[in-house]
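Chain by chain, the residues run as shown.
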Amino acid sequence: MRAALIGAVALVLTVAGPARAQSIGDADAGRAVFEANCAMCHGQDAAGMMGMHPSLRGAVERLSVEGVEVAIRNGRDTMPPMPAFEGRLTDKEISDVIAYLDALPVGSRNFGPGADGDMMDGMMEGRMWYWLAWTALLLVLVAVIVIGSIFTVRSLWNRSGSGSRKGEALDILKERFARGEIDRDEFEERRRLLDDQR
Ligand code: HEC
């Protein structure tokens, strides 16, 4: 059942494909019309001009023949504008140029809906990486500062702390010796022990 359906669709496509292209116009004549009227904006071979004028590769597929015809006849009030060719091109020239566009390989689009490297996307992506990089750098910097200051404070603390503690211990020892609580041997031994700890 499914195979039959796919077969039927394929048959319709193979029959309808070339039949449609022939019914639009003459692609060779259309090429001349395109080069005289459209190429200065849409680029050689309708490949588009970066950021300004869309590629017309695959435009017929995307917009349909009628959609492309409407665009050509009425133009578009965009910035930059797509001029209206109603009255400037004959009906035959319009159908010929559509046939030419339809015959072009779709290729890559560099601007407009469905473009490969859509410019805005590219810019947004570039921005994102930019901010990510800066955030990462900032985090690393903050980490370095925090860790650095912790070490500095700690080493200062240790130096002053242990120094005063040792001085204190020696004072206590001297005081006890002076009070006669410990004798000379004991005093000397304890002082040696304290010195060893340093
Ligand atoms: C002055 C420059 C200019 C010329 C000449 C010009 N166009 Fe355009 N065309 C544009 C611009 C700009 C757009 C994009 C409009 C938009 O953003 O919707 C456009 C859009 C189109 C589109 C719609 C594409 C899409 O993807 O939506 C078609 C089809 C088209 N042009 C066909 C033609 C044809 C065929 C000719 C020659 C007969 C032609 N244009 C001549 C500037 C031009």
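Residues numbered from 1 in each chain as written. Predicted model: local features only at pLDDT ≥ 70, side-chain atom pairs only at ≥ 80, totals over all residues.

**Here we look at the packing of helix H4 (residues 59–74) against helix H5 (residues 91–103)**
Stage number 1. For the pair H4 and H5, the least separation of the axes is 10 Å and the interaxial angle reads 155°. The angle between the axes of H4 and H5 places the two elements in the roughly antiparallel class. Viewed along their axes, H4 and H5 form a crossing whose handedness is right-handed. When H4 is examined against H5, the residues Ala 59, Val 60, Val 65, Val 68, Glu 69, Ile 72 and Arg 73 are found in contact with a partner set consisting of Ile 94, Ile 98, Leu 101 and Asp 102.
Stage number 2. Partitioning the contact of H4 with H5 into residue classes produces 8 nonpolar, no polar and 3 charged. (Axes fitted to C-alpha atoms, helices over the stretch in contact; angles between N-to-C directions. Helix = DSSP H or I, 4+ residues; strand = E, 2+ residues; numbered from the N terminus. Parallel < 35°, antiparallel > 145°, perpendicular 65-115°, else oblique. Left-handed = near helix turned anticlockwise from the far one by under 90°. Contact = placed C-beta atoms within 7 Å. Nonpolar A, V, L, I, M, F, W, Y, C, P; charged D, E, K, R; others polar.)

**Some thoughts on the site of the ligand**
Stage number 1. In the vicinity of the ligand lie 21 residues, with Asn 37, Cys 38, Cys 41, Ala 71 and Met 82 positioned nearest.
Stage number 2. Secondary structure elements with two or more residues in the shell around the ligand: helix H3 (39–42) and H4.
Stage number 3. Of the residues belonging to the shell around the ligand, the class tally is 15 nonpolar, 5 polar and 1 charged. (Near = placed C-beta within 6 Å.)

**Focus on H5**
Stage number 1. Its 13 residues give H5 an end-to-end C-alpha distance of 18 Å, which sits within 8% of 18 Å, the value for a rise of 1.5 Å per residue.
Stage number 2. Three or more residues of H5 are buried, namely Glu 93, Ile 94, Ser 95, Asp 96, Val 97, Ile 98, Ala 99, Tyr 100, Leu 101 and Asp 102. (Expected span 1.5 Å × (residues − 1). Buried ≥ 20, exposed ≤ 12 C-beta atoms within 10 Å, placed from the backbone.)

**Some remarks on the packing of helix H2 (residues 27–37) against H5**
Stage number 1. Between H2 and H5, whose axes approach to 7 Å, the crossing angle comes to 100°. One element, H2, and the other, H5, form an angle in the roughly perpendicular class. Taking contact as the criterion, the partners of Ala 27, Ala 29, Gly 30, Arg 31, Val 33 and Phe 34 in H2 are, on H5, Glu 93, Asp 96, Val 97, Ile 98, Ala 99, Tyr 100 and Ala 103.
Stage number 2. The class makeup of the residues in the contact of H2 with H5 is 9 nonpolar, 1 polar and 3 charged.

**Concerning the confidence of the model for the protein**
Stage number 1. Model confidence for the protein is summarised by a mean pLDDT of 80, while 74% of its residues fall at 70 or above.
Stage number 2. Below a pLDDT of 50 lies the segment residues 11–22, which in the model reaches 3 contacts outside its immediate sequence neighbourhood of four places, other chains included. (pLDDT = per-residue confidence, 0-100.)

**Points about helix H7 (residues 184–197)**
Counting along an α-helix, one turn takes 3.6 residues, and residues three or four places apart therefore face a common direction.
Stage number 1. With 14 residues, H7 ought to run about 20 Å at 1.5 Å a step, and its terminal C-alpha atoms sit 20 Å apart, in line with that.
Stage number 2. Among the 14 residues that make up H7, 0 are buried, leaving the element largely open to the surroundings.

**Remarks on the environment of Glu 186**
Stage number 1. Looking at the secondary structure, you find Glu 186 in helix H7.
Stage number 2. When the C-alpha atoms of Glu 186 and Leu 173 are compared, they prove to be 9.7 Å apart, with 13 residues separating the residues in sequence.

**Considering the nonpolar core**
Stage number 1. In this structure, Phe 34, Val 68, Val 97, Ile 98, Tyr 100 and Leu 101 are the most contacted members of the largest nonpolar core, which totals 18 residues.
Stage number 2. Residue assignment for this core shows that the elements contributing at least two residues are H2, H4 and H5.
Stage number 3. Counting residues per element, this core draws most heavily on H5, which supplies 6 residues.
Stage number 4. In this structure Val 68 touches Ala 59, Val 60, Leu 63, Ile 98 and Leu 101, once residues within four positions along its chain are discounted. (Core = buried A, V, L, I, M, F, W, Y, C linked by C-beta atoms within 7 Å.)

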